[in-house]
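# Notes for the structure review
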Amino acid sequence: MTDNNSSSKEVRLDKWLWAARFYKTRSLARQMIDGGKVDYNGVKAKPSRTVEVGAIVKVLQGNVRKEVEILKISDVRGPATVAATLYKETEESVKNREKQLEQIKMNALLAPHPDEKPNKKERRALLNIKYGNN
């Protein structure tokens, strides 16, 4: 990241999310914003929204929702170590994320997992049970 990425520069929300490595592409960041998966200061945002230092952004990544405060503004996607300096996750968000991950692990333990994959005959039997085919 160079000096031309100072905090006085205006950067779009979708570009900042991409630069901060929340999403792999700008188009994916745009889709998540349009889909209502990203809030900017508690309000549904548009991809063209200009970001400001100190703003609170709620982002959905996979099954986990994060709440971060913008510390720096950049429109350049750099290394992950540099991207991590652009924001700080709130304490409440860290606690909620840990709870969510713990629940996901517990659900995985409760779900039945077979020791091996079913063979062709067993797959057909399962499909018959599921869809009622004869």
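For the structure itself, look to the data block above.
Summary of the structure given here. In this text the structure is predicted, and so the values were computed from the model without any measurement. (Residues numbered from 1 in each chain as written. Predicted model: local features only at pLDDT ≥ 70, side-chain atom pairs only at ≥ 80, totals over all residues. Heavy atoms only, no water.)

With that settled, the discussion passes to the nonpolar core. In terms of nonpolar packing, the biggest core is built from 21 residues, with Trp16 and Leu17 touching the most fellow members. For this core, the elements supplying multiple residues, two or more each, are helix 1 (13–19), helix 2 (26–34), strand 1 (38–40), strand 3 (56–61) and strand 4 (64–70). Setting aside residues no more than four positions away along its own chain, tryptophan 16 makes contact with Val11, Phe22, Val51, Ile70, Lys72, Ile73, Ser74, Leu86 and Tyr87. (Core = buried A, V, L, I, M, F, W, Y, C linked by side-chain atoms within 4.5 Å. Buried < 20%, exposed > 50% of the residue type's maximum accessible area, 1.4 Å probe, protein only. Helix = DSSP H or I, 4+ residues; strand = E, 2+ residues; numbered from the N terminus. Contact = heavy atoms within 4.5 Å.)

Further remarks concern the sheet that holds strand 2 (residues 43–44). What the five strands build is an open sheet, ordered 2-1-3-4-5; its pairing is antiparallel. The outermost strands of the open sheet, each flanked by one partner alone, are strand 2 and strand 5 (87–89). Helix 4 (residues 91–110) contacts strand 4 and strand 5 of the sheet and is inclined by roughly 165° relative to strand 4. (Pairing = 2+ DSSP bridges. Axes fitted to C-alpha atoms, helices over the stretch in contact; angles between N-to-C directions.)

The next subject is the pattern of salt bridges. With the rule as written, the count across this model stands at six salt bridges. Of the charged contacts, one joins aspartate 14 and arginine 12 as a salt bridge, the two residues approaching to 3.1 Å between their closest N and O atoms. Given the relative accessible area of 30%, arginine 12 is considered partly exposed. We note a salt bridge from aspartate 14 to arginine 26, for which the minimum N-O separation is 3.5 Å. Separated by 12 residues along the polypeptide, aspartate 14 in helix 1 and arginine 26 in helix 2 bring together distant segments of the chain. When its relative accessible area of 2% is taken as the criterion, aspartate 14 is described as buried. Because the salt bridges share partners, they merge into one network encompassing Arg12, Asp14, Arg26 and Arg30. (Salt bridge = Lys/Arg side-chain N within 4 Å of Asp/Glu carboxyl O.)

Functional significance is not addressed by these values, which are geometric in nature.
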